[in-house]
Amino acid sequence: MAGRYQVMGRSIAGSFFIECLLREAGAEYDFIHIARKQSKTPEFLATNPLGRIPVLVTPDSHQIIETIAIFTHLVEKFPSLAPASGDPQRDRMWQHLAVLGTSLYTSFHRYHHSYYVGPEEMFDTIRDYARTEMARWLDYMETQLDPFLAGAAPMAADFYFFMMTRWAPEPEMVVDGRPRLAAFIEAMRFHPTVESVTVGHGRPSGS
């Protein structure tokens, strides 16, 4: 539909934060569910040759792949989603994004998709290593919350971080010994935008 964004993804995967940011910005969009098998079809590969979600299609039919590229597009398109240019908090946002996207995300990916990293006989070792790395980066993020990543109110990076915390092997491993993270997750779970996206995908409020 002309004039609307399209979000190609899955409800608990990397497209979640995109929906949150679009709703925060008041932008209209359509969600297109892409099943795992569908992401390997020639039709989808024509959209994203990497065969993975999310994909953001802009109102002028421009396609953007890769999470960080999509994040960047949205905060540039909708300035209210991020600290203002020239504000030190904006530099911190990019710093947070770099840590989340290159370090914490990598540890989650190694845990859940060990087959990309090594042979089956190494899966347990890979997952043990990934958990150690998760703990390291979660400890770092604990020090960055006050109570959100940009201060008193959630902004773009907070929705991205919250989405990632939902990928932990067990929810308790994220919050044990990390009171700021526990408070952050509780606040984000019941944020109106998070709730609206969650309920929109048929999941209970606060899940």
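Residues numbered from 1 in each chain as written. Predicted model: local features only at pLDDT ≥ 70, side-chain atom pairs only at ≥ 80, totals over all residues. Heavy atoms only, no water.

Caption draft 1: Fine view of the packing of helix α4 (residues 88–112) against helix α6 (residues 156–165). Contact geometry of α4 with α6 gives a least axis separation of 10 Å together with a crossing angle of 10 degrees. Classified by the angle their axes make, α4 and α6 are roughly parallel. Residues Met93, Leu97, Leu100, Gly101, Leu104, Tyr105 and Phe108 of α4 touch α6, and the partners they reach there are Ala157, Tyr160, Phe161 and Met164. Its residues assigned to classes, the contact of α4 with α6 shows 10 nonpolar, 1 polar and no charged. (Axes fitted to C-alpha atoms, helices over the stretch in contact; angles between N-to-C directions. Helix = DSSP H or I, 4+ residues; strand = E, 2+ residues; numbered from the N terminus. Parallel < 35°, antiparallel > 145°, perpendicular 65-115°, else oblique. Contact = heavy atoms within 4.5 Å. Nonpolar A, V, L, I, M, F, W, Y, C, P; charged D, E, K, R; others polar.)

Caption draft 2: The arrangement of the side chain of His191 in detail. Mapping His191 onto the fold places it in the loop between α8 (179–189) and α9 (192–200). Judged by relative accessible area, which is 15%, His191 ranks as buried. Polar side-chain contacts of His191 include one of 3.0 Å to the backbone nitrogen of Thr193. Setting aside residues no more than four positions away along its own chain, His191 makes contact with Glu24, Pro154 and Phe159. (Buried < 20%, exposed > 50% of the residue type's maximum accessible area, 1.4 Å probe, protein only. Polar contact = N/O pair within 3.5 Å; in protein donor to acceptor, adjacent residues only side chain to side chain.)

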